[in-house]
Amino acid sequence: MTLNVSGMRMVALAATILTLAVGVACGSDNGGAAPAARPEVQAKTGDATKSAAGQPHTDHAAEIDQKDMAFVPARVSVKVGEAVLIKNSETAIHTGNVNGKNITGNMKKGDSVAWTAKEPGEYAVTCDYHPQMKATIVVTS
Ligand SMILES: [Cu+2]
C-alpha cells in the first residue's frame, strides 16, 4: 500500500487566515467612577523616547515600574530635563499615559519608554487598561 501525499495544497490556509480576528478583549467597563485626582498641570507633555527592545534606557533620573498591576513607586520626583523611565516588568500589557496622553503605546514585558518633562508641575501617570494604576511624576525646576 502506497500513500502519495505530495500534492498537498495550502488553499485552505487562506480561509483559515480570514478567521484570525485580532483578539483584543479590552475590559470595557466604562461605567466606573471618574478619577478623583485631576492633574494640576493639564495639557503639558514632554518628550517620549522608546527604548530599543532588550536595551534599557540608561540616562534617566527615576524609574516607574509596571508590576503587580501597579506603578511602582507611585510617586517620583525629577527636575526639568531629567528623564523618567517607564518600564514593564510583567507579562500584562500596560500603557504609560502622562496627563491623559498615551505616550508609550502598548508595553509588553521588557519594554521601556523614557519621558522627559519640559516644564515643572505634577503629572498624572495612568494606564489605559487598569484604572487602578496611578502614579505621579513631580517635576521641579
Ligand atoms: Cu496596566
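## Observations regarding the overall build of the protein
Broken down by element type, the protein carries one helix and ten strands. Starting at the N terminus, the α and β elements of the protein follow one another as α-β-β-β-β-β-β-β-β-β-β. By sequence separation, contacts in the protein at least 24 residues apart represent 59% of the contacts at least 6 residues apart. Put simply, the protein shows about 9200 Å² of open surface, and 55% of that area lies on carbon and sulfur atoms.

## Re the coordination of the copper ion
Taken together, His94 (ND1), Cys127 (SG), His130 (ND1) and Met133 (SD) make up the protein donors of the copper ion, found 1.9 to 2.6 Å from the metal. Geometry at the copper ion is tetrahedral, judged from its four donor atoms and the angles of 89 to 134° they form at the metal. Mapped onto the polypeptide sequence, the residues donating to the copper ion form the spacing pattern H-x32-C-x2-H-x2-M. The two residues histidine 130 and methionine 133 agree in class, both being buried.

## A closer look at the nonpolar core
The tendency in soluble globular proteins is for nonpolar side chains to be buried side by side. Within the largest apolar cluster, 20 residues are counted, with the highest numbers of intra-cluster contacts made by Ile64, Phe71, Trp115, Tyr123, Ile137 and Val139. Top element by residues in this core is strand β10 (residues 134-140). It accounts for three residues.

## Quick look at the pairing of strand β4 (residues 75-79)
Side-chain alternation along β4 places Val76 and Val78 on a buried face and Arg75, Ser77 and Lys79 on a face that remains uncovered. Of the pairings in the sheet, the one linking β4 to β10 comprises five bridges and is parallel in character. In the sheet register, lysine 79 faces β10, and the bridge partner there is threonine 140.

## Details of the packing of aromatic side chains
With the rule as written, the count across this model stands at one aromatic pair. Here tryptophan 115 and tyrosine 123 contribute two aromatic rings whose centre-to-centre distance is 4.9 Å and whose plane-to-plane angle is 65°, an arrangement assigned as edge-to-face. Each member of the pair, tryptophan 115 as well as tyrosine 123, carries the same accessibility label: buried.

## Points about the sheet that holds strand β8 (residues 112-116)
The strand order β1-β8-β5-β2-β3 describes an open sheet built from five strands, whose pairing is mixed. In this open sheet, the two strands that pair with only one neighbour each are β1 (47-50) and β3 (70-72). Strand-to-strand twist of the sheet, defined as the mean angle between neighbouring strand axes without regard to direction, takes the value 20°. Pairing between strand β5 (residues 83-88) and β8: five bridges, direction antiparallel. Bridging across to β8, valine 84 finds its partner in tryptophan 115.

## A word on the sheet that holds strand β9 (residues 121-126)
Reading across the sheet, the five strands line up as β4-β10-β9-β6-β7 and stay open at both edges, with mixed pairing between neighbours. A strand with exactly one partner marks an edge of an open sheet, and here the two such strands are β4 and β7 (101-102).

## What to know about the pattern of salt bridges
Summed over all chains, the structure comprises three salt bridges. Its salt-bridge partner being glutamate 122, residue arginine 75 comes within 3.2 Å of it at the nearest N-O pair. Pair noted here: arginine 75 is in strand β4 and glutamate 122 is in strand β9, with a separation of 47 residues, a long-range link. Lysine 108 serves as the salt-bridge partner of aspartate 111, at 3.8 Å between the closest nitrogen and oxygen.

Criteria and cut-off values
Residues numbered from 1 in each chain as written. Predicted model: local features only at pLDDT ≥ 70, side-chain atom pairs only at ≥ 80, totals over all residues. Heavy atoms only, no water. Helix = DSSP H or I, 4+ residues; strand = E, 2+ residues; numbered from the N terminus. Contact = heavy atoms within 4.5 Å. Areas by Shrake-Rupley, 256 points an atom, 1.4 Å probe, with all protein chains shown as cover. Donors = N, O, S within 2.8 Å, 3.2 Å for Na, K, Ca; no water. Tetrahedral: all angles 85-135°; square planar, octahedral: opposite > 155°, others 65-115°. Buried < 20%, exposed > 50% of the residue type's maximum accessible area, 1.4 Å probe, protein only. Core = buried A, V, L, I, M, F, W, Y, C linked by side-chain atoms within 4.5 Å. Pairing = 2+ DSSP bridges. Phe/Tyr/Trp six-rings, centres within 6.5 Å; stacked < 30°, edge-to-face > 60°. Axes fitted to C-alpha atoms, helices over the stretch in contact; angles between N-to-C directions. Salt bridge = Lys/Arg side-chain N within 4 Å of Asp/Glu carboxyl O.

These values are about where atoms sit, not about what they do.
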